[in-house]
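Inside the fold
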Amino acid sequence: MIRSITRRKATAAGVLLAAVTLAVTGCSSGTTSLPGSSSSSSSSSADSPFADAPVAKADLILPGSTMEKIKKRGKLIVAEALDAPLLSQQDPTNPDQVTGFDADLAKLLATYILGKPNVEIVPPASETREAMLQNGTVDVVFNTYTITEERATQIDFAGPYFESGLAVAVKSDNTSIKSVKDIDGKNVIVGANTPAVTEVPKVAPKAKVTAFATDPAAVQALIQGRGEAYLQDYTLLASDAASEKQIKVVGEPFTKEPYGIGLQHGDSDFKSFINDWLKTIQKGGQWGKAWKTTLGTVTDSAIPTPPEIGSVPGS
């Protein structure tokens, strides 16, 4: 990805040196109340991924395991951005409020281990994520962390939990383009020197392609009608659509960039525990609700099918 949300995190890490602790207590009814859980969307509490968040049975917290260490500590320590709209973004007026898909999944994992969403966030730079796991600074990394075989020699990945890749954005009033299948023969905007430059001719050989040097320039060109669609990384387009209501994301990513949850290398018990948790929230609907109230707010698409656990090299 170019100018991806992941790269923007590097800047935030240099500025935000203090960790952000989110300490919230679940309601006696069994419904977990979280900072920002109602602000992710205007949906009812029934749509909240926290309304029926699962909690692991006691026998799953193995003696001497990372899970037990976290439970005794009383909080999950997570490497996570604070400046990624719809993924993990801190409210500047309320630092304890961090919302987005990654942020919600981290809170759900904390709830699974602790029974409450106690999360401490340590903002990482892209180049420090492996070191933060290796030296025990954090328990997990939720940071649009693409699974690769090279990275998997240094750390472990649970998941994948989400699959990004190139996607399509159009003006909000466009009803003729619903996915990448509809862009052939259209005027298509891409970012210069991005994967879209080579991918568009493969999927739409009759499309007329215009490249722009920056993402803001490409978004502005789309709004001005200088192209009918803009192809870029899904999470970046979602971020654009969150701040610019004149555009929307349509369809699902048509290339694959699998995101995993980073873990310390060799911790097989914790990896199995988290993979089982992912399957639990996928089956229970919490994964889908987390997507719907974050990334799903800027797309016309239905809730996507989560990627299969362990389905990519390095996972």
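Scroll up a little and you will see the structure.
First, a word on what this report is: a plain description of the structure on this page. The residue numbering used here restarts from 1 in each chain and proceeds along that chain's sequence as written. Two thresholds apply to this predicted model, a pLDDT of at least 70 for residue-level local features and 80 or more for giving and counting side-chain atom pairs, whereas whole-chain, interface and lining totals are computed over all residues. Note that the side-chain values use all heavy atoms of the structure and ignore hydrogens as well as water.

**Section: the overall build of the chain**
How we decide: Secondary structure elements are taken from DSSP: a helix is a run of H or I of four residues or more, a strand is a run of E of two residues or more, and numbering for both begins at the N terminus. Any two residues whose heavy atoms approach within 4.5 Å are treated as being in contact.
Across its full length, the chain carries 9 helices and 14 strands. Partitioning the intrachain contacts of the chain with sequence separation of at least 6 by distance along the chain shows that 73% fall at a separation of at least 24.

**Points about the packing of helix 2 (residues 66-73) against helix 8 (residues 268-284)**
Two quantities define a packed helix pair, namely the angle between the helix axes and the distance between the axes. Applied cut-off: The axes are straight lines fitted to the C-alpha atoms, using for helices just the contacting stretch, and the angles between their N-to-C directions are given from 0 to 180°. If an angle is under 35 degrees, it is roughly parallel; if it is over 145, roughly antiparallel; if it lies from 65 to 115, roughly perpendicular; otherwise it is oblique. Residue type decides the class: Asp, Glu, Lys and Arg count as charged, Ala, Val, Leu, Ile, Met, Phe, Trp, Tyr, Cys and Pro as nonpolar, and the leftover types, Gly among them, as polar.
Orientation of helix 2 relative to helix 8, taken along the N-to-C sense of each, is 75 degrees, at an axis distance of 8 Å. With respect to their mutual orientation, helix 2 and helix 8 come out roughly perpendicular. From helix 2, Thr66, Met67 and Ile70 reach across to helix 8, where they touch Asp269, Phe270 and Phe273. Of the residues in the contact of helix 2 with helix 8, the class split is 4 nonpolar, 1 polar and 1 charged.

**So, unusual backbone geometry**
Here the residue pair glycine 159 and proline 160 is connected by a cis peptide bond, since its omega of 5 degrees sits within 30 degrees of zero. Assignment of secondary structure puts proline 160 in strand 8 (residues 155-164). For leucine 86, which is not glycine, the phi torsion reads 75 degrees and is therefore positive. With phi around 40 degrees, threonine 144 is a residue other than glycine that occupies positive phi space. When you line up the elements, threonine 144 lands in strand 7 (residues 140-146).

**Some words on the sheet that holds strand 5 (residues 94-99)**
Applicable threshold: The pairing criterion for strands is at least two bridges between them, as found by DSSP.
Strand order in this open sheet of 3 strands is 3-4-5, and the pairing throughout is antiparallel. In this open sheet, the two edge strands, each paired with only one partner strand, are strand 3 (83-84) and strand 5. For strand 4 (residues 88-91) and strand 5, the ladder comprises 3 bridges, and the chain directions are antiparallel. Residue pairing for strand 5: glutamine 89 is matched across the bridge by threonine 99.

**Some points on the pairing of strand 13 (residues 247-250)**
To keep things clear, this is the line we draw: Buried, partly exposed and exposed residues are distinguished by accessible area as a fraction of the type maximum, computed with a 1.4 Å probe on protein chains only: under 20%, between the cut-offs, and over 50%, respectively.
Residues Ile247 and Val249 line one face of strand 13 and the alternating positions Lys248 and Val250 line the opposite face, and both faces are buried. As judged from the 4 bridges shared by strand 9 (residues 166-171) and strand 13, these two strands associate in the antiparallel manner. The partner of alanine 169 across the bridge, within strand 13, is valine 249.

**Here's the deal with the sheet that holds strand 12 (residues 229-233)**
Here we have 5 strands laid out as an open sheet, ordered 11-10-12-9-13, and mixed in their pairing. Lying at the two open borders of the sheet, with one neighbouring strand each, are strand 11 (208-212) and strand 13. Across the sheet, the mean angle separating the axes of adjacent strands is 35 degrees when strand polarity is ignored. Packed on one face of the sheet, helix 5 (residues 195-203) meets strand 9, strand 10 (187-191), strand 11 and strand 12 and runs near 150 degrees to strand 10. On the sheet, helix 7 (residues 234-243) packs against strand 9, strand 12 and strand 13 and is oriented at approximately 120 degrees with respect to strand 12.

**Some points on helix 6 (residues 215-223)**
What counts here: Any pair of nitrogen or oxygen atoms within 3.5 Å is treated as a polar contact; in protein, a donor-acceptor pairing is required on top of that, and neighbouring residues in sequence qualify only through side-chain atoms on both sides.
Taken together, the buried positions of helix 6 are occupied by Asp215, Ala218, Val219, Ala221, Leu222 and Ile223. In this structure, the buried residues of helix 6 make contact with strand 9, strand 10, strand 11, strand 12, helix 7 and strand 13. With a side-chain oxygen lying 3.2 Å from the backbone nitrogen of alanine 217, the N-terminal cap of helix 6 falls on threonine 214. One or two positions beyond helix 6, positive phi appears at glycine 225, with a value near 80 degrees.

**Quick notes on the side chain of serine 164**
Within the fold, serine 164 resides in strand 8. In this structure the side chain of serine 164 is engaged in a polar contact, spanning 3.5 Å, whose partner is the side chain of tyrosine 259. Residues within four places of serine 164 in sequence aside, it is in contact with Asp233, Tyr234, Thr235, Pro253, Thr255, Lys256, Glu257 and Tyr259.

**A look at the packing of aromatic side chains**
As a reminder, the rule being used: Working definition: a ring pair exists when centres of Phe, Tyr or Trp rings (six-membered ring for Trp) sit within 6.5 Å. Plane angles under 30 degrees give stacked, over 60 give edge-to-face, the rest tilted.
In this structure the tally under the stated criterion is 9 aromatic pairs. Judged by centre distance (5.7 Å) and plane angle (90 degrees), the rings of phenylalanine 101 and tryptophan 287 are edge-to-face. Of this pair, phenylalanine 101 sits in helix 3 (residues 101-114) while tryptophan 287 sits in helix 9 (residues 286-292), placing them 186 residues apart in sequence. Measuring from ring centre to ring centre gives 5.2 Å for tyrosine 112 and phenylalanine 273, while their planes differ by 45 degrees; the resulting arrangement is tilted. Taken together, the positions of tyrosine 112 in helix 3 and phenylalanine 273 in helix 8 put the pair 161 residues apart, joining distant regions of the chain. The class of phenylalanine 273 is buried, set by a relative accessible area of 6%. A network of ring pairs unites the aromatic residues Phe101, Phe142, Tyr161, Phe162, Tyr234, Tyr259 and Trp287 as a single cluster.

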